[in-house]
Structure formats: structure tokens, C-alpha cells
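For reference, the chains in residue letters:
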Amino acid sequence: MTLALDALLALALLALALGAVAGAALFRSIVMFIVFGVVLALAWGRIGAPDLALAEAAIGAGLTGALLLVSYRRLVRTTPRRTPRSRPAARLALPLGLLSAALVLGLGASGFGLEDTTTAGAGTVAVPSTAGQAVLAEMASLPLDNPVTAVLLIFRGYDTLLELTVLLAAYLGARLALGGSPPLSARSAPAALPMVGALLAIVVPLSALVSLHLLHAGSDAPGGAFQGGAVLAAAGVLLVLSGRLRAIGSAPTSQRLLLVLGTLTFLGFALAARLVGAALFTLPGMWAIYLIESALLLSIALTLVLLFAAGGGLAWGRE
Amino acid sequence: MGLNDIASTLLLAVAAFFYLAGTVGLLRFPDVHSRLHALTKADNLGLLFVCLAMALLSGSARVAALLAVVWLLALVASAVSAHLVARRALQFDPQAPAPAEHRAEPPA
């Protein structure tokens, strides 16, 4: 029964991926991609990776989907009277597909190799050559209970810092590419509709609550700044869509600071460790982890909302 | 197989029926409004029965309460999004049967 479910998930993923890449209409491809994200989150959940499932559902399916849809809307607006077609670069598609397949097979094969060495060894003895085993062995000496958060902030802090910088660079790149084109007005969900107001009154406070819960839970359960930031950003996207928040050309200083707050806080702690003689990225304790994660959450949420709103900053209300 | 398992299996079967009905309606009904009707009505019931089955299986009041919150949130979201989709469809197709006060509303 579980095998049937897994096989169904795998087949659905393949079919959805094909539909997203090879579909004739762009809108259909976007919808396929969003559903692909949801099914992928299920698949992560099935193989016991709830952190990845949360991130995939919140960022991969939710916010990326929203970004794709709003880009589609902009595309339709600027090139009216024809439905944009999805044009996969046919010449590149085959080599890229083969390379991806090779990568997946390679990763899968190396995974099987690891499993063999562990079971061939003396049962519970950790294999020192694999990073995951090393992390699990170190977990007892850490104040955290969630190995994923430990990897993100303690073992591979440098990678996390780079990820944040990539997000920031992506936002700056989008700002540059967009130039001075005016932000899209929210016209699909008029702010005056009582049902929209009621939905916002329920969903926005709940999103904030869930976001904080994910942030707090991140230390010993699935969650963390990325997932929490994505949930908070989803509330922001709703506020933008319903016209409660609007994009403005240039941001006030406070919002600019908020954009880089996460990166700066993390970098500050990483470098401060050097000042007191410890290794780079050595964090002084749990309070530092909470502080960094909170700053990351705010920066990630603001960056994602600004990407969606295609603006330099946010302001309350309509024009 | 305990009484609990039998009851939750029955609930899941009922849920599957509602989901199936909703999906058939989505695929077969002629226009946006009747499709929305099929989706929101049938799928909300389907989710309710899935949540009931899960609550029975978990046997914990806390999980049952959380599932109730999940169902209520899905209810609110589907009601509002169905309303918005229907409104938008009405603006694109003024011929659709609708109450007069809705038709008189200017496109936003």
C-alpha cells in the first residue's frame, strides 16, 4: 500500500514536471509547476524530511507560484492580445534533461552506497566520512535539537550566508531589470469587498503567529527562518494583492535596513567571533541563534514581498 | 481491526466520494460558476471527512482541535477565493445569470 502511494507520487511528479516544461501554454505550465511543488512537498514528507517539505510548500509552491503568476500577469499586460506561449529551448532541453537525470542517478547511487557501508559496519557505529553522520554525532553537545537548523547555522553557516546574499542579489537584479516600470495595481481583489477584509482579518494575524511559531520551533523541530519568513511573506502578498499594501519606487531607510538586516546580523556575529579569537562563524550561544534567525526571518519576508510587489519599498493603503 | 479503524475507513471512503464528485463536477460542468459550486461544496465536505477520519485515528484531542482549525481555515479560504473567482468571471462574461445588483457593479 505504501509502495503504491510512493509510486503514485513519483509518477505524478514526473507527469507534472513534463507538463510544466513541455506544455504549450505558459499559464498551464505555471499551474503545473505549482502543483509539482505541492506534490514534491508531499514526497519530502514521505521520506521523512519535514523541514524540506515545509520549505518546498511555502517557498517552492507558494511564493514561487505567486511570483510566476504575477510575472505572467505583467507579461499579458505588456504583450496584449496573445497568450504567451511556453517556449522551451528545444535544443537545450535534451542535454539539460540528460544532465539532470545523470545528477539524480549519481546522487541516488551515492546514497545507496552510504546505506550499504552503514549496514555493513557494526550496526550503530557512525561512518565518519559522511557529513550527516558527523552532524548527528555532534548534536548531543549542541543546545539545539533540530539537526537541520544546526547544519544551517552552526556547521554550514557560510552556505546559509551565501544563500541570503543570493536572495538579496536576486531582488536587486529584479529591481534593475524592472527599471522604472510602474508597479501593477491591485485590481483583481478590490479592497472594499467585505469578504476580503474578513479573510485578511483572520489570515494575516494567523500567518504572523505561525511564522513566529516556525521561528521558535526551528531550534528543536521542523521550522526556521526560511519557512517562517515565507509564511510571513505570504501574508504580505495577500496584503499587496488586496491593496492594503502598495509598492513604492524608493524605500524609506528603515525598509532598506530591514532588507539587509539578516545578512548584516549574521555577518556581524560571524566576524565578531574572529575578534574574540574564536573561529569564523562561531556563535556565542542560543541567544545569538534566536537573534540571527529573527533578523533572517524579517529580511527574508520583506525581500520576498518586495519581489512580489516589484517595488523598492512598501507603503500602507492605495495611491 | 478495531472499531476506530473501521469508522475511520468508512469516513475516508465518504471523503473519497465527495472528492470524486467534486472533481467530476469540475471537469464536466459547463461554466465557471457551476464548476466553482462543485469544487467548493464537495471538496469542503471531502476535507471535513478526511479530518474526521484523521482525528479518530490520532485519538488525541489536541490533534483533533488542530484538524478542526485546518478545516475551518480551508473553509474560509475556499469561500473567499470562490467568491473572487466568480466575481471576476462575471465581469468577463456579463451574460452569465446573476442577481441584478451584481451586474450593475462597475468592474474594479
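What you see is a predicted model, and the numbers here were worked out from it, not measured in a lab.

### Examining the overall build of chain B
A count of helical and extended segments in chain B gives four helices and zero strands. The order of helices and strands in chain B, counted from the N terminus, is α-α-α-α. Split into buried and exposed, the 108 residues of chain B put 14% on the buried side.

### Here we look at the environment of Asp31(B)
Residue and element names in this part refer to chain B. Inspection of the secondary structure puts Asp-31 in the loop between α1 (3–28) and α2 (32–58). Given 11 C-beta atoms within 10 Å, Asp-31 falls into the exposed group. Asp-31 sits 58 residues away from Ala-89 along the chain, and the two C-alpha atoms are 9.5 Å apart.

### Here's the deal with the nonpolar core
Within the largest apolar cluster, 65 residues are counted, with the highest numbers of intra-cluster contacts made by Ala230(A), Ala233(A), Val237(A), Ala301(A), Leu304(A) and Val305(A). If you tally residues by element for this core, the top one is helix α11 (residues 286–309) of chain A, at 15 residues. When near neighbours in sequence (up to four residues on either side) are disregarded, Val305(A) contacts Ala233(A), Gly236(A), Val237(A), Val240(A) and Leu314(A). In terms of nonpolar packing, the next biggest core, distinct from the first, is built from eight residues, Ala15(B), Val50(B), Cys51(B) and Leu52(B) among them.

### Remarks on the packing of helix α7 (residues 157–178) of chain A against α11(A)
Residues and elements named next belong to chain A. Remark: α7 packs on α11, axes separated minimally by 10 Å, with the N-to-C direction vectors making an angle of 25°. Judged by the angle between their axes, α7 and α11 are roughly parallel. Note that α7 runs across α11; the crossing there is left-handed. Contacts between α7 and α11 involve Leu-164, Leu-167, Leu-168, Tyr-171 and Ala-174 on the former and, on the latter, Leu-296, Ile-300, Thr-303, Leu-306 and Leu-307. For the contact of α7 with α11, the residue count by class is nine nonpolar, one polar and no charged.

### Some words on the pairing of strand β1 (residues 245–248) of chain A
Residue and element names in this part refer to chain A. Residues Leu-245 and Ala-247 of β1 are buried on one face, while the alternating residues Arg-246 and Ile-248, pointing to the opposite face, are not. Relative to strand β2 (residues 313–316), β1 runs antiparallel, the two being bridged by four bridges. Note that in β2 the partner of Ala-247 across the bridge is Leu-314.

### Here we look at helix α9 (residues 225–241) of chain A
Because each turn of an α-helix spans 3.6 residues, side chains separated by three or four positions in sequence point in the same direction. Residues and elements named next belong to chain A. For α9, spanning 17 residues, the distance from its first C-alpha to its last is 24 Å, which sits close to the expected 24 Å at 1.5 Å a residue. Counting buried residues along α9, 17 of its 17 residues qualify, which places the element largely inside the surrounding structure. Gly-243 sits one or two positions beyond α9 and adopts a positive phi of about 80°.

### Side note on unusual backbone geometry
Residues and elements named next belong to chain A. Of note, Ala-310 is a non-glycine position whose phi angle comes to about 55°, a positive value. On the secondary structure map, Ala-310 appears in the loop between α11 and β2. Owing to 20 C-beta atoms within 10 Å, Ala-310 belongs among the buried residues under this scheme.

Basis of the calculations
Residues numbered from 1 in each chain as written. Chains lettered and ligands numbered in written order. Predicted model: local features only at pLDDT ≥ 70, side-chain atom pairs only at ≥ 80, totals over all residues. Helix = DSSP H or I, 4+ residues; strand = E, 2+ residues; numbered from the N terminus. Buried ≥ 20, exposed ≤ 12 C-beta atoms within 10 Å, placed from the backbone. Core = buried A, V, L, I, M, F, W, Y, C linked by C-beta atoms within 7 Å. Contact = placed C-beta atoms within 7 Å. Axes fitted to C-alpha atoms, helices over the stretch in contact; angles between N-to-C directions. Parallel < 35°, antiparallel > 145°, perpendicular 65-115°, else oblique. Left-handed = near helix turned anticlockwise from the far one by under 90°. Nonpolar A, V, L, I, M, F, W, Y, C, P; charged D, E, K, R; others polar. Pairing = 2+ DSSP bridges. Expected span 1.5 Å × (residues − 1).

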